[in-house]
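# Results of the structural survey
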Amino acid sequence: DALHAINEIADVSGDGRINDWEFARLMRADDLAKTKAMTDKQLRQLFQLFDENNDGIIVAEELTHVLNMLGRPLTLDQAKTLIRDATQKKDATAGLTFDDFSVVMRSNRLTK
């Protein structure tokens, strides 16, 4: 499942938990590419974790909810800004498609 895929990718220490450093690494796809490449399947599973209603789009509310569940507080306004910045679109309501998400995760645009 998606949570297992995230843990498999991010849990460098192997302790079954994702600490702050490992989470930061997960959000920086360029670091992942240098150490343990994220496969398309893993990227799809990660996308599905964020796409809570399975409509193929990650909207700000979903991004906020999942990151808050993971212990990474994010306001709705911050999520909208991340989506706008990541997609280079003025309207964050469109959300992230899988293609957008893939580019974001592989180019590190969410954390810049």
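First, a word on what this report is: a plain description of the structure on this page.

Calculation notes
- Residues numbered from 1 in each chain as written.
- Predicted model: local features only at pLDDT ≥ 70, side-chain atom pairs only at ≥ 80, totals over all residues.
- Heavy atoms only, no water.
- Phe/Tyr/Trp six-rings, centres within 6.5 Å; stacked < 30°, edge-to-face > 60°.
- Helix = DSSP H or I, 4+ residues; strand = E, 2+ residues; numbered from the N terminus.
- Buried < 20%, exposed > 50% of the residue type's maximum accessible area, 1.4 Å probe, protein only.
- Lys NZ or Arg CZ within 6 Å of the ring centre and 35° of its normal.

Quick look at the packing of aromatic side chains now. Tallied over the entire structure, the rule returns three aromatic pairs. Between Phe50 and Phe101, the aromatic rings sit 6.1 Å apart at their centres with planes inclined by 50°, giving tilted as the arrangement. With a gap of 51 residues between them, Phe50 in helix H4 (residues 40-50) and Phe101 in helix H7 (residues 98-107) connect regions that are remote in the sequence. The residues Phe50 and Phe101 share a single accessibility class, namely buried. Positioned above the aromatic ring of Phe98, the side-chain terminus of Arg44 is 3.6 Å from the ring centre.

With that settled, the discussion passes to the environment of Arg44. Here Arg44 is to be found in helix H4. Overall, the relative accessible area of 36% leaves Arg44 in the partly exposed class. Taking the C-alpha atoms as reference points, Arg44 and Phe98, 54 residues apart in sequence, are found 7.5 Å from one another.

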